[in-house]
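Observations on chain architecture
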Amino acid sequence: MKVLSVLRDPCFSPGAEEKDKAIMMAVVGQLQLAGCTVRVTTERSLMDMASFGADVVLTMGRFPATLCRLSCVDARVINTPESVARCRRSTLQRVMAETGIPAPPREGTHGYWLKRGDAAGAMAAGDVVFAPDEEALHARIEHFRLRGITDYVVSAHVVGSEVKFYGVRGTGFFRCFPTGAKPSSADEKPFYAGEKPSCVVDLQSAAERLAMAIGIDVYGGDAIVRDDGSFCIIDFNDWPSFSPCREEAAKAIVGKALSLMKAE
């Protein structure tokens, strides 16, 4: 099997360029061990490629030109350009409302989060800001508009424990970690031990439903788990770094890629 691997452009990985590259290279290594021929390229180099000749394309790309280029290839693509485009926050907010997936409320008493809506993550300082009250929120919205940002989402701050989650749709792979866990540290362990508590099972179900609605295969995000065990998803994005569970995730992604070829 021939595989094309597209690395994410550094502009989409502020402070996490090496981590994002590491998960893709872990996948590449496992594919090569499985006997696959793999070519690695960047988003910018992709534009100059005359042909692919690949059976599968694994891409972390986000440039509109990258998505357009990959939408025309005769290969199975993970993640599809269409699904990556749907990971913009404003689209996710609408999809979550339509599908009943737990999301933060619009109103609250603990402040507000204002986030750029035309992207899956922050590309610059100030793309995600906190406002302690409505007056501050309106001021921050006006600052967004002065920056030319008219697509944004607002949500109330939710009190609880923040966790990061990582998944590969349809494989059963799903992991949760406390926010702030450091790679290769003793603190880097799932926030549950032994049997998964109901909130993790429910979060996995919700994340998989959202991934299905978006059409994404390799995903991650953040959630707030309240003291009563309820939760809400506060961020969801395409192909995260999987830093706390990289090798496990790489194995699941490789399995996903191989299964797509066997299904043809």
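Residues numbered from 1 in each chain as written. Predicted model: local features only at pLDDT ≥ 70, side-chain atom pairs only at ≥ 80, totals over all residues. Heavy atoms only, no water.

What follows concerns the overall build of the protein chain. Counting its regular elements, the protein chain contains eight helices and eleven strands. Classification of the 264 residues of the protein chain by burial places 46% in the buried group. Taking the intrachain contacts of the protein chain between residues at least 6 apart in sequence as the baseline, contacts between residues at least 24 apart amount to 65%. Surface accessibility of the protein chain: about 12,600 Å² in total, with carbon and sulfur atoms responsible for 52%. (Helix = DSSP H or I, 4+ residues; strand = E, 2+ residues; numbered from the N terminus. Buried < 20%, exposed > 50% of the residue type's maximum accessible area, 1.4 Å probe, protein only. Contact = heavy atoms within 4.5 Å. Areas by Shrake-Rupley, 256 points an atom, 1.4 Å probe, with all protein chains shown as cover.)

With that out of the way, let us pick up the environment of Gly160. With respect to the element layout, Gly160 can be found in the loop between strand S7 (152-156) and strand S8 (161-168). For Gly160, a relative accessible area of 41% gives the class partly exposed. Note: C-alpha distance between Gly160 and Ile224 (64 residues apart in sequence) is 5.6 Å.

Bringing the environment of Ala119 into the picture now. Mapping Ala119 onto the fold places it in the loop between strand S5 (112-116) and strand S6 (128-131). By relative accessible area, Ala119 is classed as buried at 12%. Residues Ala119 and Asp151 lie 32 residues apart in sequence; the distance between their C-alpha atoms is 9.2 Å. Those residues in contact with Ala119 that sit more than four places away from it in its chain are Cys87, Arg88 and Arg89.

Averaged over the protein chain, the pLDDT score is 89; the fraction of residues at 70 or greater is 88%. Residue range residues 181-188 is modelled with pLDDT below 50. Its contacts to residues more than four positions away, or to other chains, number nine contacts. (pLDDT = per-residue confidence, 0-100.)

We now examine the packing of aromatic side chains. Evaluation of the coordinates by the stated rule reveals ten aromatic pairs. Aromatic pair Tyr219 and Phe236: ring centres 5.3 Å apart, planes at 20°, arrangement stacked. A residue pair is termed long-range when its members are at least 10 positions apart, and Tyr219 in strand S10 (residues 218-225) and Phe236 in strand S11 (residues 231-238) qualify at 17 residues. A relative accessible area of 0% places Tyr219 in the buried class. (Phe/Tyr/Trp six-rings, centres within 6.5 Å; stacked < 30°, edge-to-face > 60°.)

If you trace the backbone, Glu208 turns up in helix H7 (residues 198-214). Placed eleven residues apart in sequence, Glu208 and Tyr219 show a C-alpha to C-alpha distance of 9.2 Å. Excluding anything up to four places from it in sequence, Glu208 contacts Val168, Arg169, Gly170 and Tyr219. Polar side-chain contacts of Glu208 include one of 3.1 Å to the backbone nitrogen of Gly170. Separated by 2.6 Å, the side chains of Glu208 and Tyr219 make a polar contact. (Polar contact = N/O pair within 3.5 Å; in protein donor to acceptor, adjacent residues only side chain to side chain.)

Strand order in this open sheet of three strands is S6-S5-S7, and the pairing throughout is antiparallel. Strands with a single pairing partner mark the edges of an open sheet, and in this sheet they are S6 and S7. Ignoring strand direction, the axes of neighbouring strands in this sheet form an average angle of 20°. In this structure, S5 lies alongside S7, joined through five bridges in antiparallel fashion. Its bridge partner lying in S7, Leu114 is registered against Val154. Sitting on the sheet, helix H5 (residues 89-99) touches S5, S6 and S7, and the angle it makes with S7 is about 50°. The strands touched by helix H6 (residues 134-146) are S5, S6 and S7; relative to S5, the strand with the most contacts, the crossing angle is about 10°. (Pairing = 2+ DSSP bridges. Axes fitted to C-alpha atoms, helices over the stretch in contact; angles between N-to-C directions.)

Attention shifts here to the sheet that holds strand S3 (residues 56-59). Each strand in a sheet pairs with another by means of backbone hydrogen bonds, the pair being arranged parallel or else antiparallel. The four strands are arranged S2-S1-S3-S4 in an open sheet whose pairing can be described as parallel. At either margin of the open sheet sits one strand with a lone partner, and together these are strand S2 (37-42) and strand S4 (76-78). Direction aside, the axes of adjacent strands within the sheet are offset by 20° on average. Pairing between strand S1 (residues 2-7) and S3: four bridges, direction parallel. Looking at the pairing, Leu4 lines up with Val57 of S3.

It is a general feature of regular strands that their side chains alternate between the two faces of the sheet. The buried fraction of strand S9 (residues 173-178) is high, at five of six residues. With six bridges joining them, S8 and S9 adopt antiparallel strand pairing. By the bridge assignment, Val168 is partnered in S9 with Phe173. The turn linking S8 back onto S9 is made up of four residues, and Gly170 within it adopts a positive phi angle of 80°.

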